[in-house]
Amino acid sequence: PDPKNIVNLVEVGPRDGLQNEKGAIIPVSLKVELINRLARAGHLNVEAGSFVSPKWVPQMAGTAEVLKGIEKQPGVHYAVLVPNQRGLDHLVELLDANPSNPPLTDEVSVFVAATDAFSRANTNCTVAESLERTAVVTRNALDRGLRVRGYVSVVIRCPFSGEVDAKRVREVTKELYDMGCYEVSLGDTVGLGRPHEVAALLEEVKKGVPVEKLAGHFHDTSGTAIANIMTALEHGVRTFDSSVGGLGGCPYSPGATGNVATEDVLYALQGSKYHVAGLVDVPGRAKTVDLERIVDIGWWISEQLGRENISRTGRMVKAR
Ligand code: HMG
Ligand code: MG
């Protein structure tokens with residue numbers, strides 16, 4: 001495949017998806033099994049959990065046990081989201097207490113919002129305070145030899161303050177990039193963005209950060225996530241976050257759904273000029289992420305959680 005057309009997926013279901021599951025606490029063993037299945041199906045990037053306050057996000061409380069339980073696939077990054085120094089300290093203690101080769105993880109994700117209202121709701125501080133905090137965490141994580149991925153939330157619309165200024169998104173994205181994030185993922189947190197809005201956003205953000213350092217994180221509330229991905233691809237973005245079975249939601253946006261389903265992204269790109277990079281050998285082709293196996297995982301985890309499988313591709317394959 002032409003290196004210019006290699007697409008990377010970051011599977012965020014075990015973090016962005018499961019963090020939003022209502023009801024009973026999901027057992028560590030189920031999270032571990034989900035992550036193992038996703039990596040075995042070919043994913044190179046699986047976000048495994050977060051070290052955030054369990055009062056804020058109870059479903060992520062077992063992340064240390066999850067990291068210890070995963071069967072590490074060489075070459076796979078199992079990122080962990082950290083909101084503050086406390087979260088990073090927790091991770092570093094865990095790594096120090098459990099030296100292994102490969103290590104339990106080599107990557108953290110940090111996150112800020114483009115609006116103060118969302119920042120307060122999600123992290124109890126303003127964007128400026130969040131950036132200050134994140135700069136320290138990023139520095140310390142880099143010093144510890146971890147790679148750091150950044151997220152910006154509410155890049156198109158904020159559930160509290162409405163339309164978001166693309167210039168503000170550009171500034172915040174550039175700050176994360178300048179801090180040392182190897183990539184910054186632009187989050188349509190509420191999932192209401194449309195292709196023309198994504199295009200306008202990228203035109204602006206590209207002025208501050210090279211497009212190959214950007215990723216797209218599209219929740220799919222309005223059914224436009226695949227269209228948004230295709231638009232972002234035309235603009236040169238090559239990394240996208242997705243969630244098996246479309247797991248997830250957003251606690252601050254009633255009706256918001258999860259990330260775009262991984263199955264749907266794989267199906268949309270199958271047979272096109274784009275090649276989704278992965279761990280699994282496909283005879284006669286390069287390594288990729290295996291669509292059939294991802295479909296099976298989508299059905300399996302939906303059943304385990306007693307939730308609907310919202311992947312259109314997953315449903316289509318089952319109905320065949
Ligand atoms: P706070 O209440 O302002 O923090 O929360 P605090 O420092 O005052 O601490 C409050 C309590 O939390 C204390 O415990 C701390 O020890 C504890 P207490 O004394 O009351 O028993 N605490 C922690 N515990 C464990 N791990 C930690 C930690 N830090 C403090 N790291 C804070 C501030 C940032 C901690 C809180 O707001 C928080 O955890 N927020 C995280 C929210 C979150 O995880 N959101 C979802 C992830 S982001 C996302 O989904 C968006 C994304 O997908 C992109 C998109 O779609 O837009 C990435
Ligand atoms: Mg998200």
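It should be emphasised that the depicted structure is a prediction, and the values quoted were computed from it without experimental measurement.

1. Concerning the coordination of the magnesium ion (ligand 2)
And step 1. In this structure, Asp 16 (OD), His 217 (NE2) and His 219 (NE2) serve as the protein donors to the magnesium ion (ligand 2), at separations of 2.0 to 2.4 Å.
And step 2. Mapping the donors of the magnesium ion (ligand 2) onto the primary sequence gives the spacing D-x200-H-x1-H. With Asp 16 in helix α1 (residues 13-17) and His 219 in the loop between β9 (214-218) and α9 (225-234), the pair connects residues that are 203 residues apart, well separated along the chain.
And step 3. Overall, His 219 belongs to the buried group, its relative accessible area being 3%.

2. As for the packing of aromatic side chains
Here the distance between the centres and the angle between the planes together describe a pair of aromatic rings.
And step 1. With the rule as written, the count across this model stands at 1 aromatic pair.
And step 2. With centroids separated by 6.3 Å and ring planes inclined at 40 degrees, the aromatic side chains of Phe 118 and Phe 160 adopt a geometry described as tilted. Placement of Phe 118 in helix α5 (residues 116-123) and of Phe 160 in the loop between β6 (157-158) and β7 (162-163) is noted, with a sequence separation of 42 residues between them.
And step 3. Residue classification places Phe 118 among the buried residues on the basis of a relative accessible area of 3%.
And step 4. Above the face of the Trp 300 ring, Arg 37 is positioned so that its terminal group lies 3.8 Å from the ring centre.
And step 5. The ring of Tyr 182 has Arg 147 sitting right over it, with the charged end atom 4.2 Å from the ring centre.

3. Section: the sheet that holds strand β10 (residues 239-242)
And step 1. Spatially, β2-β3-β4-β5-β8-β9-β10-β1-β11 is the arrangement adopted by the 9 strands of the open sheet, whose pairing is parallel. Bordering the open sheet on either side are β2 (49-50) and β11 (275-280), each of which pairs with just one other strand.
And step 2. Relative to β9, strand β8 (residues 183-188) is paired through 5 bridges, and the arrangement is parallel. When the sheet's bridge partners are listed, Gly 187 is paired in β9 with His 217.
And step 3. Sheet strands in contact with helix α6 (residues 127-143) are β4 (107-113) and β5 (147-153), and its direction is about 170 degrees off that of β4.

4. Focus on the side chain of Thr 224
And step 1. Relative to the elements of secondary structure, Thr 224 occurs in the loop between β9 and α9.
And step 2. Within the local environment of Thr 224, its side chain forms a polar contact with the side chain of Ser 222, the two groups lying 2.9 Å apart.
And step 3. Apart from residues no more than four positions distant in its own chain, Thr 224 is found in contact with Gly 193 and Arg 194.

Criteria and thresholds
- Residues numbered from 1 in each chain as written.
- Chains lettered and ligands numbered in written order.
- Predicted model: local features only at pLDDT ≥ 70, side-chain atom pairs only at ≥ 80, totals over all residues.
- Heavy atoms only, no water.
- Donors = N, O, S within 2.8 Å, 3.2 Å for Na, K, Ca; no water.
- Helix = DSSP H or I, 4+ residues; strand = E, 2+ residues; numbered from the N terminus.
- Buried < 20%, exposed > 50% of the residue type's maximum accessible area, 1.4 Å probe, protein only.
- Phe/Tyr/Trp six-rings, centres within 6.5 Å; stacked < 30°, edge-to-face > 60°.
- Lys NZ or Arg CZ within 6 Å of the ring centre and 35° of its normal.
- Pairing = 2+ DSSP bridges.
- Contact = heavy atoms within 4.5 Å.
- Axes fitted to C-alpha atoms, helices over the stretch in contact; angles between N-to-C directions.
- Polar contact = N/O pair within 3.5 Å; in protein donor to acceptor, adjacent residues only side chain to side chain.

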